[in-house]
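Summary of the model geometry
What follows is the residue order along each chain.
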Amino acid sequence: MKESKQITMKDIASAFGVSVATVSRALQDSPRISAERRAQIQAYAREHNFIPNIIAESLRHSRQKPMKIIGVIVPEIAHFYFSSILSGIEEEASSRGYRIMVAQSDESYEREVRICQSFYENKVCGIIVSQAKDTRNYDHFQRLLDSGVPLVFYDRICTGINASRVVVDDYMGAFNAVSHLIETGCKRIAFYGSPMQLEISKNRFNGYKDALLKHGVPFDERLCGVCDNRADAETITPEVLKEQKPDGFFAVNDDTAIGILYTVKRAGLRVPQDISICGFTNGQRAVACDPMLTTVEQRGPAVGAEAVDVLIAHVEGGIPEGKIERRVVRTRLIIRGTTR
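Here is a short report on the structure shown in this document. (Residues numbered from 1 in each chain as written. Predicted model: local features only at pLDDT ≥ 70, side-chain atom pairs only at ≥ 80, totals over all residues. Heavy atoms only, no water.)

1. Some points on the pairing of strand β9 (residues 276-281)
- Of all six residues in β9, six are buried, a share of seventy percent or more.
- In β9, alternate side chains face the same way, and those of Ser276, Cys278 and Phe280 on one face and Ile277, Gly279 and Thr281 on the other are all buried.
- Between the parallel elements strand β8 (residues 248-251) and β9, the chain passes through helix α11 (residues 254-266) in a crossover that is right-handed.
- Where β9 lies against strand β10 (residues 294-297), four bridges are found, and the strand directions are parallel. Looking at the pairing, Phe280 lines up with Val296 of β10. (Buried < 20%, exposed > 50% of the residue type's maximum accessible area, 1.4 Å probe, protein only. Helix = DSSP H or I, 4+ residues; strand = E, 2+ residues; numbered from the N terminus. Right-handed = clockwise from strand over helix to strand, strands pointing away. Pairing = 2+ DSSP bridges.)

Structure (structure tokens):
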């Protein structure tokens with residue numbers, strides 16, 4: 001009886017004690033592999049329902065470019081930063097003769113797994129992905145890589161997977177923002193971040209702490225918490241104002257910063273005279289609040305364009321098989337009315 005479980009080229013290679021490259025050549029009927037070994041590997045692949053990613057292989061080894069479709073996984077399309085990245089992805093892909101297939105994980109691990117499987121079955125030539133907040137198991141990403149599907153992570157990278165990635169300089173963005181708060185008079189700066197399993201959260205938190213250290217401001221863990229959306233910010237900030245009495249806030253994104261802003265104003269405090277606030281994104285809402293928000297600009301379209309460039313290089317052979325590309329897009333601090 002045939003197994004229904006999907007296997008990868010890595011599984012086949014392990015069964016025969018050969019490299020993934022040898023399996024790939026055997027499945028392509030390459031004369032570099034003996035006829036006997038080719039027949040054995042091909043028979044094993046058929047018996048175990050192996051489904052090769054035909055499009056990715058043909059793009060790597062042929063000058064013809066059939067069905068040049070890139071799968072894109074977005075945590076939240078409605079989020080300004082992700083939509084701006086998507087805009088950069090679409091524009092760059094189109095200019096290079098590729099189309100995109102977009103799916104939203106809605107911050108769900110289970111949905112993310114299903115999307116990866118769907119993209120694989122639809123024979124996309126590669127996938128650009130920012131992982132969901134609650135993703136802690138990365139087997140679905142590893143299966144894609146083992147099956148020969150190029151992956152490029154953006155924004156939320158997966159450190160447990162050896163894949164290319166494009167990120168902004170989260171550490172320096174946070175470091176510069178918190179330094180600005182300190183240099184303009186803040187002494188007790190609260191930090192609102194995302195869950196710490198996300199690499200961006202770790203990097204921004206480390207930038208926050210190192211800015212305090214550099215400027216001789218004591219670190220107080222009571223001022224730090226997980227809060228990465230406006231609703232939560234409006235819920236927890238009244239207690240933070242009452243118990244911890246910060247004179248500044250650094251938030252992981254603009255929506256959270258705006259939630260802080262409106263809560264502070266409702267408490268009868270002045271911004272920035274009593275409390276300064278800095279966000280991270282520079283979305284459209286940053287200039288639609290009063291006062292306008294000081295924030296770190298992430299340059300989403302540039303991130304999207306770089307991610308496409310890296311993926312196409314993998315697909316078309318510009319980046320050698322097995323090599324990992326890491327690119328960093330620089331941020332900049334945009335100073336507006338919520339800081340002194």
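So that's the structure; there's more coming.
2. Quick notes on the sheet that holds strand β5 (residues 164-168)
- If you trace the six strands from one edge of the open sheet to the other, you get β2-β1-β3-β4-β5-β11, paired in parallel fashion. The sheet is open, and its two borders are formed by β2 (99-104) and β11 (326-329), each paired with just one other strand. Pairs of neighbouring strands in the sheet enclose a mean axial angle of 20°, with direction left out of account.
- Relative to strand β3 (residues 126-129), strand β1 (residues 69-74) runs parallel, the two sharing four bridges. Paired with Val72 across the bridge in β3 is Ile128.
- In the packing of helix α6 (residues 109-121) onto the sheet, contacts are made with β1, β2 and β3, and the angle to β2 comes to roughly 155°. (Axes fitted to C-alpha atoms, helices over the stretch in contact; angles between N-to-C directions. Contact = heavy atoms within 4.5 Å.)

3. Structural notes on the sheet that holds strand β12 (residues 332-334)
- Pairing in this open sheet of six strands is mixed, and the strands run β7-β6-β8-β9-β10-β12 from one edge to the other. Each edge of the sheet is formed by a strand with only one pairing partner; in this case those strands are β7 (224-226) and β12. Recorded for the sheet is a direction-independent mean angle of 20° between the axes of neighbouring strands.
- Relative to β8, strand β6 (residues 189-193) runs parallel, the two sharing four bridges. Bridging across to β8, Ala190 finds its partner in Phe249.
- Helix α8 (residues 170-183) rests against β6, β8, β9, β10 and β12 of the sheet, and its axis sits at about 165° to β9.
- α11 rests against β6, β8, β9 and β10 of the sheet, and its axis sits at about 160° to β9.

4. Details of the pattern of salt bridges
- Across all of its chains, the model carries 19 salt bridges by this definition.
- Glu92 is the salt-bridge partner of Arg96, the closest N and O atoms lying 3.1 Å from each other.
- Since its relative accessible area comes to 31%, Arg96 is described here as partly exposed.
- Here Arg204 and Asp170 are joined by a salt bridge, their closest N and O atoms 2.7 Å apart. In this pair, Arg204 is assigned in helix α9 (residues 199-214) and Asp170 in helix α8, connecting sequence segments 34 residues apart.
- Here Asp170 falls in the buried class, since its relative accessible area comes to 3%.
- Connected via shared salt-bridge partners are Glu92, Arg96, Glu306, Asp309, Lys323, Glu325 and Arg327. (Salt bridge = Lys/Arg side-chain N within 4 Å of Asp/Glu carboxyl O.)

None of this, on its own, says anything about what the molecule does.
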